[in-house]
Each structure stands twice: as C-alpha cells, then as structure tokens.
Amino acid sequence: MSESSSDDDNDRRDSSHAAFDNTRERSATYAGTRCLQLLGSLRNGSDAGRIKALKNFQDYVDRHKPEFYDDDVDLLFLGSPSLDGLLAWAGHKHSTGSSSRRRCKEGGREGGDKGGGEANLKKVSKFALKLVHWLVVREGGREAGREGEESIFLEKFLELSENDLPQMELSMHVREGGREGGREDGAEALELLSLLLTRHKCTLPEGGKDGGGEGGGGGTEQLLLLLLPEEEVQLRFIQWLQQSASEEDLRERIERQRARREGGREGGGGGGGGEGACLGSRRLS
C-alpha cells in the first residue's frame, strides 16, 4: 500500500470519528447529561470552577447546537430537590452579615442598615444570569431566525411561573448594575424583564393578545411589581425603556397602569395579589 493511500485512509477514519462525535454531542440524550453535569459542577465546585462550568456549557451549546428535551430545559432552569437550577444560581447572594461588614469597612462607618444591611449578589450569580440571557435572548433569537419559531429555551422561559421567576433576583441585578455605572451593567436583567413583560403568558388577557387598552394586559403591572418591587428600580427600568424605541409600547403601557394604580389607591382597589394561572413552581421532583 502506498503512503498516500494510507494517509487517505487515516483522513477518512478521522473524518468519520469526528462526525460520530458531533452526532453524539448534538443528541438530546447527551445534552441532558451536560445539563446535569453543569448543575452538579455548580453545587460542588469553587466559585472559579462554577464560572468556568457556566462558560463551558455556553461554548458547548454554541458549538454543537444540540437538541434538548423539554424536561431537561426545565431541569436546567429550575433544578431539582437536590440541585439548584440556573434561576436560583442567578439569585445567589452573599450572607447579609458579611455584606454589611464589607460595606461598613469600605464606607468607614459603623453599624449598618436597620435590617443588618442588604445582601449583595455573588459573582457567580452574574455569570449565571448571563447564561440565562444568552440561552433565551441571543441563542433563542438565532434559533427563531433559522427555524421561524421560538427556541425551546425561549419557550420554556416564557412559561416559568410567577413563583419561580423571583429566584433570579432581577431587581438586585438592575440595582447593582446601576451602582457599578457601566453601560452594560444590568443590561441582561433589563432585557429579560422587557421580554417577560411583553411576552410572558401572565401578562396577557384571556384572549391571548395584549392590545394595551383598558383592561388589556393587566398582568403586566403585577409581574413588574413582583420582579421589581422597589420604586427606585422600577424607575431605572422605565428610563432604560425610554432609550429604546422598540420598547415604547411597553413603557407607555406600564406608565398608564401605574397612573391607574395611583388613582385607584384612594378607593382601596386592587386587582388581587397575582393569584393567576401562572402561580405554582414547576421545580422538578
């Protein structure tokens, strides 16, 4: 056998092996295994190891474009009784005591806030939210462009219950991003908020469409108050909306509903405590 013939055979074997590996990497079964591996690394790793695991998972999805089963995406977002999901990791905080001591030391003052100081998000939390944002907004948008329909990540994110969404602590991400002052700080949280307030099923009336008129999309304000309970953070979100022409309808709807709420306080009104069809955690058992 000639040397060139042997080289050709080796190239074909290498090509066949690479194709097999890519088929495995793209399979939904293997993708589910990667979800479990990520959540296990988050539970058992150091902070540096957790951040590396989050980045590796994004690289895996970006490179191989795998298929995912619905249950595996639910697991990825919500976790299980023994594993926190990405939503919970996005909301991981330093303990209140250590956060208070750190701020007192930096500010040169003693004592703290009445409640012992407010907690700060851990560094890994910001990377976890970045991954959620990438899967839902960036990768979800690319999938929608290629396939003409919502990606599984976007679809599942928009179906998350009102009990599960607060795990991300979006209000803290927006507030801390504003303190840091960079142009991109808090951007992922703001974009996810905008997406939820325009497309989450709890923001729509029974007809399935939000016409923005009286009585339409009443869940928008309830969801806003649930995710951004602080007036200061709500105002920052509205200011961000004002800078985005594509979000003008949402900004006007929020301001209209806020005005109605202010006008209805005297009468003791209130549309209920958000006890809607979206309540109830879907955390896997």
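Everything quoted here is computed from the prediction, not taken from an experiment.

1. Remarks on helix 2 (residues 28–44)
End to end, helix 2 covers 24 Å across 17 residues, agreeing with the expected 24 Å (1.5 Å per residue, within 8%). If you check which residues of helix 2 are buried, you get Ala28, Tyr30, Ala31, Gly32, Arg34, Cys35, Leu38, Leu39, Gly40 and Leu42.

2. Quick notes on the pattern of salt bridges
Close approach of charged atoms lets side chains of opposite charge pair. This structure, assessed with the given rule, holds nine salt bridges. A salt bridge links Lys126 to Glu176; the shortest N-O distance between them is 3.8 Å. With Lys126 in helix 7 (residues 123–147) and Glu176 in helix 9 (residues 170–180), this pair connects stretches of sequence that are 50 residues apart. Judged by its relative accessible area of 26%, Lys126 falls in the partly exposed class.

3. A short note on the environment of Phe127
Relative to the helices and strands, Phe127 is located in helix 7. Judged by relative accessible area, which is 22%, Phe127 ranks as partly exposed. Taking C-alpha positions, Phe127 is 8.2 Å from Lys55, a pair spaced 72 residues apart along the chain. With sequence-adjacent residues up to four places away left out, Phe127 is seen in contact with Ile51, Leu54 and Lys55.

4. Section: the nonpolar core
Leu38, Phe57, Phe68, Leu86, Leu135, Phe157 and Met168 are the most contacted members of the largest nonpolar core, which has 55 residues in total. Discounting residues that sit within four places of it in the chain, Phe157 has contacts with Phe77, Val132, Val136, Met168, Leu192, Leu195, Leu196 and His200.

5. Let's talk about helix 4 (residues 70–78)
Judged by how many residues are buried, helix 4 sits mostly within the fold: seven of nine residues are covered. Among the residues of helix 4, Asp72, Val73, Asp74, Leu75, Leu76, Phe77 and Leu78 are the ones counted as buried. Of the residues trailing helix 4, Gly79 is marked for its positive phi of about 75°.

6. Let's talk about the packing of helix 2 against helix 3 (residues 47–64)
Put simply, helix 2 and helix 3 touch, their axes get as near as 8 Å, and they point 165° apart. Accordingly, the angle class assigned to the pair helix 2 and helix 3 is roughly antiparallel. The interaxial crossing formed by helix 2 with helix 3 has left-handed handedness. Judged by residue contacts, Tyr30, Ala31, Arg34, Cys35, Leu38, Ser41, Leu42 and Arg43 of helix 2 engage Arg50, Ala53, Leu54, Asn56, Phe57 and Tyr60 from helix 3. Along the lines of polarity and charge, the residues of the contact of helix 2 with helix 3 split into nine nonpolar, two polar and three charged.

Rules of the game
- Residues numbered from 1 in each chain as written.
- Predicted model: local features only at pLDDT ≥ 70, side-chain atom pairs only at ≥ 80, totals over all residues.
- Heavy atoms only, no water.
- Helix = DSSP H or I, 4+ residues; strand = E, 2+ residues; numbered from the N terminus.
- Expected span 1.5 Å × (residues − 1).
- Buried < 20%, exposed > 50% of the residue type's maximum accessible area, 1.4 Å probe, protein only.
- Salt bridge = Lys/Arg side-chain N within 4 Å of Asp/Glu carboxyl O.
- Contact = heavy atoms within 4.5 Å.
- Core = buried A, V, L, I, M, F, W, Y, C linked by side-chain atoms within 4.5 Å.
- Axes fitted to C-alpha atoms, helices over the stretch in contact; angles between N-to-C directions.
- Parallel < 35°, antiparallel > 145°, perpendicular 65-115°, else oblique.
- Left-handed = near helix turned anticlockwise from the far one by under 90°.
- Nonpolar A, V, L, I, M, F, W, Y, C, P; charged D, E, K, R; others polar.

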